[in-house]
Amino acid sequence: MDWIIFAILAPFFYAVSAMFDKFLIDKKIRDPIIMAISGGILVFFMGLLIFSVRGFAPLDWRSAMILIGGGVLTQIGLVPYFKAISLDNVSRVMPIFQIAPIFVLTWSYFLLGETLTIGQLAGFALILAGSLLISVKKVDFGELKLRRAFWWALLTCVIFSFPSVMFKFVAIDLVFWDALVYDYFGVLAGAIILAIFYRKRIFFQMRGLVKNVWSVLFVNELIYWLGGLCATYAVFSGSVALTSVINGFLPVFVFVFGIILSIYFPRIIKEYIAVKTLVLKITALILMIGGLLMVNV
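Everything numeric here is computed off the predicted structure, so don't read it as measured data.

Draft legend 1. Quick look at the overall build of the protein chain. Along the protein chain, the regular secondary structure elements total 14 helices and zero strands. When the elements of the protein chain are put in sequence order from the N terminus, they spell out α-α-α-α-α-α-α-α-α-α-α-α-α-α. When the 297 residues of the protein chain are sorted by exposure, 51% land in the buried category. Intrachain contacts of the protein chain at a sequence separation of at least 6 include 90% that bridge at least 24 residues. Within the structure as shown, the protein chain displays about 14,400 Å² of accessible surface, and the carbon and sulfur contribution to it stands at 73%.

The following block contains the structure:
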């Protein structure tokens, strides 16, 4: 089960990218649309690179549209994601994203016929519980429900739950890289759709971006692309549902990176961590590691 390694690397890269996202959306670019389109452009160039090596694998119209459609949804889903983290702290938004495995598990059951053992279901529950526990700033879920960011994050979960299942549904009989080309061109299509609808504000805002911001954007999107590549490979080679559950480790990485940045680079990210909160998060981490071991059995 080497796909487990890639499934874990995905939330690691996503957590690094989330720190960049929060920095950019708060201090450099305040428009979620610009953030989403910049990612789509980079992914498109990655797709061109793969295409230059492998070309287009012949696919029937239905399969090609499903793969491209999944890429479009991935791109569109970034908009509510950036909106959510612009409204609240990353550590408060991340717990909501752990709802996504529930949607993925549902779609995987009905569309792919995937099944889970009792032990894996128990591991699923532990990782999900640990993800929620480590993500909350206070043990008070009512606070999260009242926040505007909750609804944007929930919308992100619903949108993001479809591309993984759609990719696996079609790509199961294809070479991984060949299927990825179609998916990446779908991401470009999503970026074009956003650019058409918001062309005026995009033109003026992009003209005002300085070179160093573009450099940070490029690095950020490259890191995010690495996370997406790892996640897509894990979905392609392993279980869609379990890959989504393992993504529950994202809050762990966000927590660790938040501490490091708070100590060494407080002007970028500053997290308040009380002793009780630290104990709570360590307990959650233990739950998640135990769940991962059960998933991997």
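That shown, we press on.
Draft legend 2. Examining the environment of Trp152 more closely. Note on placement: Trp152 falls in helix H8 (residues 148–171). If near-sequence neighbours (up to four positions away) are discounted, Trp152 is found in contact with Pro80, Lys83, Ala84 and Leu87.

Draft legend 3. Quick peek at the side chain of Ser161. Residue position: Ser161 is located in helix H8. Residue Ser161 is classed as buried on the basis of its relative accessible area, which comes to 0%. Among the polar contacts listed, one links the side chain of Ser161 to the backbone oxygen of Val158, at a separation of 2.7 Å. Residues in contact with Ser161, not counting those within four places in the same chain, are Ala100, Phe103, Val104 and Trp107.

Draft legend 4. Highlighting helix H13 (residues 250–264). Over its 15 residues, H13 extends 21 Å from the first C-alpha to the last, a length consistent with the 21 Å expected when each residue adds 1.5 Å. Among all positions of H13, only Leu250, Pro251, Val252, Phe253, Val254, Phe255, Phe257, Gly258, Leu261 and Ser262 are buried.

Draft legend 5. Focus on the confidence of the model for the protein chain. Residues of the protein chain with pLDDT of at least 70 account for 82%, and the chain-wide mean is 78. Helix H7 (residues 141–145) is the least confidently modelled element of the protein chain, averaging 47 in pLDDT, while helix H1 (residues 3–27) averages 89, the highest of any element. A low-confidence stretch, residues 142–146 (pLDDT under 50), is modelled with eight contacts involving residues beyond four sequence positions or located in other chains.

Draft legend 6. Region of interest: the side chain of Glu221. Looking at the secondary structure, you find Glu221 in helix H11 (residues 211–237). Residue contacts for Glu221: discarding those within four places in its chain leaves Met35, Ser38, Gly39 and Leu42.

Draft legend 7. View of the packing of aromatic side chains. According to the stated counting rule, one finds seven aromatic pairs in the structure shown. Taken together, a centroid distance of 5.5 Å and an interplanar angle of 75° make the contact between Phe12 and Phe13 edge-to-face. What makes Phe12 partly exposed here is its relative accessible area of 31%. An aromatic cluster is present here, built from Phe12, Phe13, Phe253 and Phe257 joined pairwise through their rings.

Draft legend 8. Representation of a nonpolar patch on the surface within the structure. A contiguous nonpolar patch, built from Val256, Ile260, Ile263, Tyr264, Phe265 and Ile268 and spanning about 600 Å² of accessible area, is present on the exposed surface. Considering the arrangement of structural elements, one finds Ile260 in helix H13. A relative accessible area of 40% places Ile260 in the partly exposed class.

Draft legend 9. Structural context of the packing of H1 against H11. The N-to-C vectors of H1 and H11 enclose an angle of 155°; their axes lie 8 Å apart at closest approach. In terms of their interaxial angle, H1 and H11 are classed as roughly antiparallel. By crossing handedness, the relation of H1 to H11 is classed as left-handed. Taken together, the residues that form the contact of H1 with H11 break down as 20 nonpolar, five polar and one charged.

Draft legend 10. Structural view of the packing of H1 against helix H3 (residues 61–87). Viewed as axis vectors pointing N to C, H1 and H3 meet at an angle of 70°, and their least axial separation amounts to 9 Å. Regarding the angle of H1 to H3, the classification is roughly perpendicular. Of the residues in H3, those touching H1 at Ala18, Asp21, Lys22, Ile25 and Asp26 are Tyr81, Phe82, Ile85 and Ser86.

Draft legend 11. Focus on the environment of Leu121. Inspection of the secondary structure assignment puts Leu121 in helix H6 (residues 118–135). By relative accessible area, which is 37% here, Leu121 ends up partly exposed. Taking the C-alpha atoms as reference points, Leu121 and Met294, separated by 173 residues in sequence, lie 8.7 Å from one another.

Rules of the game
- Residues numbered from 1 in each chain as written.
- Predicted model: local features only at pLDDT ≥ 70, side-chain atom pairs only at ≥ 80, totals over all residues.
- Heavy atoms only, no water.
- Helix = DSSP H or I, 4+ residues; strand = E, 2+ residues; numbered from the N terminus.
- Buried < 20%, exposed > 50% of the residue type's maximum accessible area, 1.4 Å probe, protein only.
- Contact = heavy atoms within 4.5 Å.
- Areas by Shrake-Rupley, 256 points an atom, 1.4 Å probe, with all protein chains shown as cover.
- Polar contact = N/O pair within 3.5 Å; in protein donor to acceptor, adjacent residues only side chain to side chain.
- Expected span 1.5 Å × (residues − 1).
- pLDDT = per-residue confidence, 0-100.
- Phe/Tyr/Trp six-rings, centres within 6.5 Å; stacked < 30°, edge-to-face > 60°.
- Patch = residues over 30% accessible without salt bridge, like charges linked within 9 Å, V, L, I, M, F, W, Y side chains within 5 Å.
- Salt bridge = Lys/Arg side-chain N within 4 Å of Asp/Glu carboxyl O.
- Axes fitted to C-alpha atoms, helices over the stretch in contact; angles between N-to-C directions.
- Parallel < 35°, antiparallel > 145°, perpendicular 65-115°, else oblique.
- Left-handed = near helix turned anticlockwise from the far one by under 90°.
- Nonpolar A, V, L, I, M, F, W, Y, C, P; charged D, E, K, R; others polar.

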